[in-house]
Amino acid sequence: MSSSAKDSKPDKKKDDAVDALAAQIDQIHVTERTTPPPPEEDSPLHKIAHWIQHHGQILVLTGAGVSVAAGIPDFRSPGTGLYDNLQKYNLPYPEAVFDVDFYRRHPQPFVSLAQEIWPGIHYAPTLTHAFVTLLHRKDLLLRNYSQNIDGLEYLAQLPAEQLVECHGHFRSAKCIQCFRKAEIEAVRTSMVQEAKVPICPHCRSYVKPDIVFFGESLPDRFHTLLSQDLPVAKVCLILGTSLQVAPVSLIPEKVGPHCKRILLNKERVGNMDDSDRDVFYEGDCDDTILELAQILGWEQELRALHKQAKQDMKRAVEKKKKEG
Ligand code: CNA
């Protein structure tokens, strides 16, 4: 008998024991809750779920907080926000990264930021982005006014007509001096692949993507659609924003007097304290959204939509890589 054959008996016993344990663990997984239980019936989340389902015409206002779970830092969160990590971008003051005069003299910080957050490369939509798309699919969404520039709403498959990118996007670009349009793929290559500021071929000044910098006007689309949407919005759902940047921060004050206002944020912001129509629920927006989806009976749909969006994004990135 070889030594390995001699050792095989005790090993087989061990294997059986391991198999039995694995079977037990499988049983535990089948019965264990993988998500927290829904809160009590009269909880604020039930009130919010009721408003969402029964009023419709929801104006969603989003900020950097909804993309934090994707890995993109916000501005103002202590410790993790961009404002507390300025060394990396070498900025004299936080807002400089979005200041056109600063960009004219020192474009590199914005180039670094653009390289990091250029849509469709590193970051995938969060559960909260998927929830907004789900509201649209259920015919409950009036519009999503997003202050974000990361394009994650598109990657979560929200149709263009449902979205207002209040502070612009990376899908087009122009010269900061002569305002001629620039070819976006060339701008992308320059910023993302070469970490270089793109130069205007006409006047040799700098080109920047159509992100709204401080002092620049918001897109016409913002003003046009907001004047249509404000009078008809029945619910204003505010997610992951400090409400510090006007004019977007004024939206909750401009909705009609009967419009319900819901704030899902890590901290209380704005002036919403009318107990009949305002609810603030403190916490991480993805966690809250998941609990809401459970109350609404939408969890499976939400998870499926989120998974699909992430898979599509992965495929698109791989395709782009192959194309070089
Ligand atoms: P902000 O001023 O940084 O505020 C973010 C808010 O979200 C704060 O109140 C946080 O407490 C809260 N928050 C952070 N994480 C979470 C979370 N996981 N769940 C719930 N709440 C959370 O950002 P705003 O959007 O209010 O400011 C507007 C600026 C930020 C816009 O001009 C944007 O262009 C700019 N910005 C955009 C991005 C992006 O596109 N992802 C990232 C950083 C900054």
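The coordinates are above.
Residues numbered from 1 in each chain as written. Predicted model: local features only at pLDDT ≥ 70, side-chain atom pairs only at ≥ 80, totals over all residues. Heavy atoms only, no water.

## Focus on the packing of helix α2 (residues 44-55) against helix α11 (residues 285-296)
Between α2 and α11, the least distance of the axes is 10 Å, while the angle of their chain directions is 65 degrees. Overall, the two elements α2 and α11 adopt an arrangement that is roughly perpendicular. Note on packing geometry: the crossing formed by α2 with α11 is right-handed. Taking contact as the criterion, the partners of Leu45, His46, Ile48, Ala49, Ile52 and Gln53 in α2 are, on α11, Thr288, Glu291, Leu292, Ile295 and Leu296. Residue composition of the contact of α2 with α11, by class: 7 nonpolar, 3 polar and 1 charged. (Axes fitted to C-alpha atoms, helices over the stretch in contact; angles between N-to-C directions. Helix = DSSP H or I, 4+ residues; strand = E, 2+ residues; numbered from the N terminus. Parallel < 35°, antiparallel > 145°, perpendicular 65-115°, else oblique. Left-handed = near helix turned anticlockwise from the far one by under 90°. Contact = heavy atoms within 4.5 Å. Nonpolar A, V, L, I, M, F, W, Y, C, P; charged D, E, K, R; others polar.)

## Observations regarding the site of the ligand
In the region of the ligand, 26 residues are neighbours, and Phe75, Arg76, His167, Ser242 and Glu267 sit closest. Between the ligand and the protein, one listed contact pairs an oxygen atom with a backbone N or O atom of Gln147 at 3.0 Å. With respect to the ligand, the backbone of Lys266 contributes an N or O atom lying 3.2 Å from a nitrogen atom. Protein contacts shield 96% of the accessible area of the ligand, which totals 860 Å² for the unbound molecule. Here the ligand occupies the largest pocket. Classifying every residue of the shell around the ligand gives 8 nonpolar, 12 polar and 6 charged. (Near = heavy atom within 4 Å. Polar contact = N/O pair within 3.5 Å; in protein donor to acceptor, adjacent residues only side chain to side chain. Areas by Shrake-Rupley, 256 points an atom, 1.4 Å probe, with all protein chains shown as cover. 1 Å grid on protein atoms, 1.4 Å probe; cavity = no way out; pocket = protein on both sides within 12 Å on 5 of 7 lines; lining within 4 Å. Sits in = over half its atoms within 2 Å of the grid points.)

## Things to note about the pattern of salt bridges
Going through the model one piece at a time under the given rule, you end up with 9 salt bridges. The partner of Arg104 in a salt bridge is Asp101, with the nearest N and O atoms 3.8 Å apart. Linking Arg104 with Asp101, this pair stays in helix α4 (residues 100-105), spanning 3 residues, or about one helical turn. Residue Asp101 is classed as partly exposed on the basis of its relative accessible area of 45%. (Salt bridge = Lys/Arg side-chain N within 4 Å of Asp/Glu carboxyl O. Buried < 20%, exposed > 50% of the residue type's maximum accessible area, 1.4 Å probe, protein only.)

## Regarding the sheet that holds strand β7 (residues 235-239)
Read across the sheet, 6 strands follow the order β3-β2-β1-β7-β8-β9 without closing on themselves; strand pairing throughout is parallel. Both edges of this open sheet fall to β3 (163-165) and β9 (278-282), since each of them pairs with a single strand only. Averaged over all neighbouring strand pairs, the angle between strand axes comes to 15 degrees, with direction disregarded. By the bridge criterion, 5 bridges tie strand β8 (residues 260-265) to β9 in an arrangement that is parallel. Along β9, the bridge assignment pairs Leu264 with Tyr281. Running at roughly 145 degrees to strand β2 (residues 141-146), helix α9 (residues 220-229) makes contact with β1 (58-62), β2 and β3 of the sheet. Sitting on the sheet, α11 is in contact with β8 and β9, with an inclination near 125 degrees to β8. (Pairing = 2+ DSSP bridges.)

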